Amino acid sequence: MTGNLKDQRAHGLDALRGIAAAAVVFVHAVLIHPLGVDYTDWGVDYFSMGVPLFFIISAMSMSLAYPNGVSIDRSWAYALRRFFRIAPLFYLMLFAWLYIGVQAETGTIIRNMTFLFGFVPSEQTSLVPAGWSIGVEVIFYLLFPFLWIWRNIWSAIILFLLACLGWASVNLSGQGEVPDYYYWTSFFTNAPYFALGLIVWCFYRLTPTSHAGLLGYATLVAGLAGLVFMFLFGPIPDEAQKLYKPVPLEFVLGWGVASASLVLSQALRPVSALYNSATRFLGKISYSLYLMHPFLIYKTHLTRWAATLTDNPDLVVPAVCAVTLAVAVPIATVIYYAVEVPFMRMARRITKPELRDTVSQRLAS
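Computed from a prediction, not measured in an experiment: that's the story for all the values here.

**A word on the confidence of the model for the protein chain**
Inference 1: Per-residue confidence for the protein chain gives a mean pLDDT of 91; residues scoring 70 or more make up 94%.
Inference 2: Low pLDDT, under 50, characterises residues 354-365; the predicted model gives this stretch five contacts beyond four residues in sequence or across chains.

**Things to note about the nonpolar core**
Inference 1: Ranked by size, the top nonpolar core spans 114 residues in total, and within it Phe 90, Phe 115, Phe 140, Val 263 and Leu 291 carry the most contacts.
Inference 2: When residues of this core are assigned to their parent elements, the largest contribution, 14 residues, is made by helix H15 (residues 316-351).

**Some thoughts on helix H13 (residues 286-299)**
Inference 1: An ideal rise of 1.5 Å per residue puts 20 Å on 14 residues; H13 measures up with 20 Å between its terminal C-alpha atoms.
Inference 2: Helix geometry: H13 is bent most strongly at Met 292, by close to 40°, with proline Pro 294 lying one to four residues after it.
Inference 3: Burial analysis of H13 places 11 of its 14 residues in the buried class, which makes it a mostly covered element.
Inference 4: When H13 is considered as a whole, its buried residues turn out to be Ser 286, Tyr 287, Ser 288, Leu 289, Tyr 290, Leu 291, Met 292, His 293, Pro 294, Leu 296 and Ile 297.

**Brief notes about unusual backbone geometry**
Inference 1: At Phe 115, a position not held by glycine, the phi torsion is positive, near 60°.
Inference 2: With respect to the helices, strands and loops of the structure, Phe 115 is situated in the loop between helix H4 (106-113) and helix H5 (132-143).

**Quick look at the pattern of salt bridges**
Pairs can form between side chains of opposite charge once their charged atoms are near each other.
Inference 1: Inspection of the entire model under this criterion finds three salt bridges.
Inference 2: For the salt bridge of Arg 17 with Asp 14, the shortest nitrogen-to-oxygen distance reads 3.1 Å. On the criterion of helical spacing, the pair formed by Arg 17 and Asp 14 is a turn pair, its members being three residues apart in helix H1 (residues 12-31).

**Comments concerning the packing of aromatic side chains**
The way to describe two aromatic rings as a pair is by their centre distance and the angle between their planes.
Inference 1: Scanning the model with the defined rule gives 28 aromatic pairs in all.
Inference 2: Plain terms: the ring middles of Tyr 182 and Tyr 183 are 5.3 Å apart, the flat faces sit at 70° to each other, and that makes the pair edge-to-face.
Inference 3: A residue is classified by how much of its surface remains accessible, and Tyr 182, at 10% relative accessible area, is buried.
Inference 4: Taking the relative accessible area as the measure of exposure, Tyr 183 reaches 7% and is therefore buried.
Inference 5: Both rings, one in Phe 187 and one in Phe 194, keep their centres 6.2 Å apart while their planes meet at 25°; by these two values the pair is stacked.

**Things to note about the side chain of Ser 155**
Inference 1: Mapped onto the elements, Ser 155 comes out in helix H6 (residues 153-171).
Inference 2: Look past the residues within four positions of Ser 155 in its chain and what remains in contact with it is Ile 149 and Trp 150.

How each quantity is defined
Residues numbered from 1 in each chain as written. Predicted model: local features only at pLDDT ≥ 70, side-chain atom pairs only at ≥ 80, totals over all residues. Heavy atoms only, no water. pLDDT = per-residue confidence, 0-100. Contact = heavy atoms within 4.5 Å. Core = buried A, V, L, I, M, F, W, Y, C linked by side-chain atoms within 4.5 Å. Buried < 20%, exposed > 50% of the residue type's maximum accessible area, 1.4 Å probe, protein only. Helix = DSSP H or I, 4+ residues; strand = E, 2+ residues; numbered from the N terminus. Expected span 1.5 Å × (residues − 1). Bend = angle between axes of the 7 residues up to and from the residue. Salt bridge = Lys/Arg side-chain N within 4 Å of Asp/Glu carboxyl O. Phe/Tyr/Trp six-rings, centres within 6.5 Å; stacked < 30°, edge-to-face > 60°.

Spelled out as structure tokens, the structure:
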């Protein structure tokens, strides 16, 4: 079989998105309510790297969805689809947190509702726990239509180098006293991950179909080896690192390149250990699972109860993670079909080119 893969959907990305969401659930299951046991032996801190994996997948997926860029006449459709994809669920969770007593000034609430909080250093974390990544994602959405000129491999590499300069502008500029999580949640700190996603897309579309299997397996080995290396020798992404420390470049490069290799591997040749019915389903509901689970953990005694299910302190962490995921998945499934699906369908109906043309013709007649 000849040709390349540029017109094929990379289904393996859906599964990786589900794995990334589950990883973040595990982090919060252990950390939101202290369990009274040592969790570091399980490497839970490293599961927070599911968020950078999300960013790489996002850039790759957006490039697949808009292989020719976003034309000016369809920019309204692009903006509307992005808005309906993230806003309804974000608003639901924002109102839920405000309802239970999260305190915020009116201006902060407005900036969260308009997704401008990512531009304000003191508000980057969002009023919605775990929502900081949405602020970062929105900035990428705004930039994406202007990045088409970078979408060949060499230009994408240059963009990656520019993103690293953006990282330096935040993490090496001696900010003095900064808000909590400022470095970790800054768009500039995370910009290299999006650039890596564009590089992955370039490699993906240039790969001949006949070479997809070989390159897919090679990048799988490289990605897994990179993750193991970072786990053994890289900086630890613990709470202190996220709270107040600048993020080292070797941290971004190490986790970013390893995760990008994994993304490329699963785009080219998914393997059943990562790509299966369970991970695909988690990928489908990943946004609901990601944004809802902190509220579930915070407002219930679920994790504390799960910690009592075993008398062996060495098994508390896996027990808590398993129970939390088992409870969160059905709830996320309901939210996905009740909130996400209707608005995604609405956005598709509104933005269909043929529908818009029909409406224009009727108005003109």
